[in-house]
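Take a look at the letters that make up each chain.
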Amino acid sequence: MPSLTFTVVTVSDSCSRGECHDKSGPKLLDLVEKYFPNSRTHADIVSDDQVAIETCLKYWSERSDIIITTGGTGVSPRDVTPDATLAVIDREVPGISQTLLIKSLEVTDMAMLSRSVCGIRGKTLIVNFPGSAKAACECFDFVQTVFQHAVDLIHDKLGNVKKTHASLHQNQSVKVEVGVPKSKVFIPRSAHRNRTSPYKMIEVEEAINLIRDSFRLDDKYELVDLENAWGAILGENVSSVDSLPPFPASTKDGYAVIAADGAGVREVVNSVAAGDQPDVKILKPGQIVRINTGAPVPPGADAVVQVEDTKVHISDAKGEEITVEILKAPTVGQDIRPIGSDIGSDMELLKTGERLSSAHIGLLAAIGRTSVKIEKSAKIGILSTGNELQSPHESIKPGKIRDSNKLTLINLLKEYGYSSNDCGISKDNPDDVLLSFIKAFRYNDVVITTGGVSMGEHDVIKNVLMEDFGAEILFGRVNMKPGKPTTFARLEFEGKTKFVFGLPGNPVSASVTCILFVIPGLSFCSKAFFSHRTISVHLNEKLSLDQRPEYARATYTKTDDGRYVARTTGNQISSKLNSFVGANCLLILPGQTSEQKTLPKDFEVEAIILPTPNFNCTEENEI
Ligand SMILES: Nc1nc2c(c(=O)[nH]1)N[C@H]1C(S)=C(S)[C@@H](COP(=O)(O)OP(=O)(O)OC[C@H]3O[C@@H](n4cnc5c(N)ncnc54)[C@H](O)[C@@H]3O)O[C@H]1N2
Ligand code: MOO
Ligand SMILES: [Mg+2]
């Protein structure tokens, strides 16, 4: 493929002022590199100012085949990218902007508020994408298939144009090859579908062991800026290079003196503040220098006397000190931090495997590090699946429900210290699930889906994973309530290993299985293994046992005699999300046997402690 020159222009007041990091520009450049590996790229950032944008577009159109702008396409007063684009283009290409609108409307109704324009200036195609990184990347996916052909046409490259036309005539699926992928999954007629699950039912412990044995990230370490290192596991031993303080520094506001001079009246010969260059003049007996905390102690001085232990003796007409009386005889070294007293040079400071706290990061900053090697944390994507799902902010249509799982899981992961990416909502059909997975795998190592893993003819997650991605389903059914159809799969995507936790759609099942499998699972690729804290609790009520081992939402309290007593939050049906509200533990109840169908009041069971917003994994959760 001939090489194209792309310029990605981020339009944002705050990014252009350097007040925030540009997220969409770099992501778009990644996509350009991925889809057009031979291309040349430029990037620019410009404020939301129409004249500035026009100037920028004119400049880059002399140097690019395609300019992608991101940001400023909306309807707020500062959104002027489309206006600037219209002002500089010779001809509009409405098909591209209309495609962006139609496809984006499938993702969100908010797309109606985008005023994106596409057009040609000279020999350059200019396309406006929205400012959000997610939306901009989606837009890139929607229209990137026509970029090469558009440039060929604009440049009148007849040979290439003919080739594309010929392949379009010969093979109607050319769009499929480079654009929307088609799933291989075949959905059998209703009479021919599975009536028993083909997946072996395994126990929870076995499932956790399978995750532990297989969950590995391809890249073990990554280099991150200090700003983004908090909470990560250090992947290197860190030693200092220089000393801190790099000069003998005063720990008091007062006077640098010669200790041997003792108490008495002294001449103030200089003044030195924090940040001043260390003095070169050597202090002579009888002289002192006014000094501030943190300032370099001048050569010759070997003590600092705090201002409280001094008195002005003579001052000049302007009120400046000429001589000062030292009231207390100082001792050598008094109130001076010697060179390297905080951090010596070549000192071993931090060891690989330590979790980076604010103090670690401060230390790294103090020794001049701007980035640090950390254990790579998995990039986690969350994908909801279901024809019935709408985003919570959309007005609800008949037959639909709001997608509560995505926000629950994103925040549940946060409670355990993990951030995650929203991969949207997929419809329950193989093509849509396939496309959603492709997009999710591009940016994530682990994709957590909810829904579509049970026995319904629209439950296609496992089949898409196996047939379209060649995934190995490590397990597809677990003997537990809730969470029976929980699925865990491993696959290769574009040369990288990806993992999928296919959680059941029922909201409680999704949360319980996330807690039980995903949270420990994520820690298995790190030095910081995590296992849930459990306590023994006494039941406050008689409980009926389910056929399957059950994880029941409950609230435990500590009694005056130091025992923990727990009561379930009521109806435990796996759709009832509010059975989680107020729960602070999950009771681990055994499956029923012919001998034991209930547990009596006061019976002692183990309970997993749940996170609370102020969750501290190591502290006891007392209420
Ligand atoms: N014939 C059988 N049917 C079912 C079985 C079974 O063994 N045989 N298992 C049941 C169990 S147990 C569970 S759990 C569910 C799991 O089903 P899926 O994972 O396939 O999930 P869906 O069918 O897509 O949805 C189930 C339920 O959850 C609601 N849902 C889905 N996603 C969301 C979301 N993002 N936010 C809120 N609610 C969501 C969905 O509307 C359904 O009501 O299967 C049983 N069936
Ligand atoms: O296993 Mo399902 O999660 O009971 O409802
Ligand atoms: Mg289902």
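- The chain has the name Gephyrin in an unreviewed UniProt entry, where Nicrophorus vespilloides is given as its organism.
- Under the Function (unreviewed entry) heading, UniProt states for the chain: "Catalyzes two steps in the biosynthesis of the molybdenum cofactor. In the first step, molybdopterin is adenylated. Subsequently, molybdate is inserted into adenylated molybdopterin and AMP is released."
- Taken verbatim from the UniProt record of the chain, the Pathway (unreviewed entry) comment is "Cofactor biosynthesis; molybdopterin biosynthesis."

**A short note on the pattern of salt bridges**
- All chains considered together, the criterion is met by 24 salt bridges.
- We note a salt bridge from Arg 369 to Glu 236, for which the minimum N-O separation is 2.6 Å. Of the two residues, Arg 369 is situated in the loop between helix H11 (358-366) and strand S18 (371-375) and Glu 236 in the loop between strand S7 (221-225) and strand S8 (238-239); the sequence distance between them amounts to 133 residues.
- Of the residues examined, Arg 369 reaches a relative accessible area of 25% and is grouped as partly exposed.
- By relative accessible area, Glu 236 is classed as buried at 18%.
- Here Asp 335 ties to Lys 252 by a salt bridge, and the two come within 3.4 Å at their closest N and O atoms. One end of the pair, Asp 335, is in the loop between strand S15 (321-326) and strand S16 (336-337); the other, Lys 252, is in the loop between strand S9 (249-250) and strand S10 (254-257), and 83 residues separate them in sequence.
- Given the relative accessible area of 22%, Asp 335 is considered partly exposed.
- Classification of Lys 252 as partly exposed rests on a relative accessible area of 29%.

**Re the site of ligand 1**
- Taken together, 23 residues sit near ligand 1, with Glu 388, Asp 403, Ser 454, Lys 484 and Gly 505 positioned nearest.
- Within the backbone of Ser 404, an N or O atom sits 3.1 Å from a nitrogen atom of ligand 1.
- Within the backbone of Val 453, a nitrogen or oxygen atom sits 3.0 Å from an oxygen atom of ligand 1.
- A total of 870 Å² of accessible area belongs to ligand 1 in isolation, and the protein chains cover 70% of it.
- Listed by contribution, the elements that provide at least two residues to the shell around ligand 1 are strand S19 (380-385), strand S21 (401-402) and helix H15 (507-523).
- Of the residues that constitute the shell around ligand 1, the class distribution is seven nonpolar, 11 polar and five charged.

**What about the sheet that holds strand S3 (residues 66-70)?**
- Spatially, S2-S1-S3-S6-S5-S4 is the arrangement adopted by the six strands of the open sheet, whose pairing is mixed. Either end of the sheet is taken by a strand with one partner, and the two such strands are strand S2 (40-46) and strand S4 (91-92).
- Pairing of strand S1 (residues 5-11) with S2, which is carried by seven bridges, proceeds in the parallel orientation. In the strand pairing of S2, Thr 10 is matched with Ile 45.
- Contacts from helix H4 (residues 81-88) reach S1, S3, S4, strand S5 (118-121) and strand S6 (124-129), with the element oriented near 165 degrees to S6.
- On the sheet, helix H5 (residues 94-107) packs against S4, S5 and S6 and is oriented at approximately 20 degrees with respect to S6.

**Looking at the confidence of the model for the chain**
- Residue-level pLDDT values for the chain average 91, and 95% of them are 70 or greater.
- The low-confidence segment residues 171-178 (pLDDT under 50) makes eight contacts with residues lying over four places distant or belonging to another chain.
- Here the predicted complex carries an ipTM of 0.98, next to a pTM of 0.66.

**Overview of the coordination of the magnesium ion (ligand 3)**
- Taken together, Asp 459 (OD) and Asp 459 (OD) make up the full set of protein donors to the magnesium ion (ligand 3), lying 2.4 to 2.5 Å away.
- Within the fold, Asp 459 resides in the loop between strand S23 (446-450) and helix H14 (461-469).

**With respect to the sheet that holds strand S27 (residues 534-539)**
- As summarised here, the arrangement of the five strands in space is S27-S30-S29-S31-S33, forming a closed barrel in which the pairing is mixed. Averaged over all neighbouring strand pairs, the angle between strand axes comes to 50 degrees, with direction disregarded.
- Across three bridges, strand S31 (residues 585-589) lies against strand S33 (residues 604-609) in antiparallel orientation. Residue Leu 587 lies in a different strand from S33, and its bridge partner there is Ala 607.
- Each of strand S29 (550-558), S31 and S33 touches H15; the most contacted strand, S29, lies at about 75 degrees to it.

**A word on the packing of aromatic side chains**
- Scanning the model with the defined rule gives 20 aromatic pairs in all.
- Ring centres 5.7 Å apart and planes at 70 degrees place the aromatic pair Tyr 416 and Phe 530 in the edge-to-face group. On the criterion of sequence distance, the pair formed by Tyr 416 in the loop between helix H12 (405-415) and strand S22 (421-426) and Phe 530 in the loop between H15 and S27 is long-range, its members being 114 residues apart.
- Overall, Phe 530 belongs to the buried group, its relative accessible area being 18%.
- Ring geometry for Phe 469 against Phe 493: centres 6.3 Å apart, planes inclined by 55 degrees, an arrangement best described as tilted. One end of the pair, Phe 469, is in helix H14; the other, Phe 493, is in strand S25 (residues 487-493), and 24 residues separate them in sequence.
- The class for Phe 469 is buried, based on a relative accessible area of 12%.
- An aromatic cluster is built from Phe 215, Phe 475, Phe 488, Phe 499, Phe 501 and Phe 517, whose rings are joined through pairwise contacts.
- Stacked on the ring of Tyr 443, the Lys or Arg Lys 27 has its end atom at 5.5 Å from the ring centre.

**A closer look at the packing of helix H13 (residues 430-443) against H14**
- Where H13 contacts H14, the two axes come as close as 10 Å, and the packing angle between them is 70 degrees. On the basis of the axis angle, H13 is roughly perpendicular to H14. The handedness of the crossing between H13 and H14 comes out as right-handed. For the pair H13 and H14, the contacting residues are Pro 430, Val 433, Leu 434, Phe 437, Ile 438 and Phe 441 in the first and Ile 461, Val 464, Leu 465, Asp 468 and Phe 469 in the second.
- Classifying every residue of the contact of H13 with H14 gives 10 nonpolar, no polar and one charged.

**Focus: the pairing of S19**
- With respect to burial, S19 is a largely interior element, six of its six residues being buried.
- Going residue by residue along S19, you find Ile 380, Ile 382 and Ser 384 tucked away on one face and Gly 381, Leu 383 and Thr 385 tucked away on the opposite face as well.
- Pairing of S19 with S23, which is carried by five bridges, proceeds in the parallel orientation. Note on S23: the bridge partner recorded for Leu 383 is Thr 449.
- Relative to S22, S19 runs parallel, the two being bridged by four bridges. Each residue of the ladder has a partner; that of Ile 382, found in S22, is Asp 422.

Rules and cut-offs
Residues numbered from 1 in each chain as written. Chains lettered and ligands numbered in written order. Predicted model: local features only at pLDDT ≥ 70, side-chain atom pairs only at ≥ 80, totals over all residues. Heavy atoms only, no water. UniProt positions renumbered as here; feature names shortened; annotations may be inferred. Salt bridge = Lys/Arg side-chain N within 4 Å of Asp/Glu carboxyl O. Helix = DSSP H or I, 4+ residues; strand = E, 2+ residues; numbered from the N terminus. Buried < 20%, exposed > 50% of the residue type's maximum accessible area, 1.4 Å probe, protein only. Near = heavy atom within 4 Å. Polar contact = N/O pair within 3.5 Å; in protein donor to acceptor, adjacent residues only side chain to side chain. Areas by Shrake-Rupley, 256 points an atom, 1.4 Å probe, with all protein chains shown as cover. Nonpolar A, V, L, I, M, F, W, Y, C, P; charged D, E, K, R; others polar. Pairing = 2+ DSSP bridges. Contact = heavy atoms within 4.5 Å. Axes fitted to C-alpha atoms, helices over the stretch in contact; angles between N-to-C directions. pLDDT = per-residue confidence, 0-100. Donors = N, O, S within 2.8 Å, 3.2 Å for Na, K, Ca; no water. Phe/Tyr/Trp six-rings, centres within 6.5 Å; stacked < 30°, edge-to-face > 60°. Lys NZ or Arg CZ within 6 Å of the ring centre and 35° of its normal. Parallel < 35°, antiparallel > 145°, perpendicular 65-115°, else oblique. Left-handed = near helix turned anticlockwise from the far one by under 90°.

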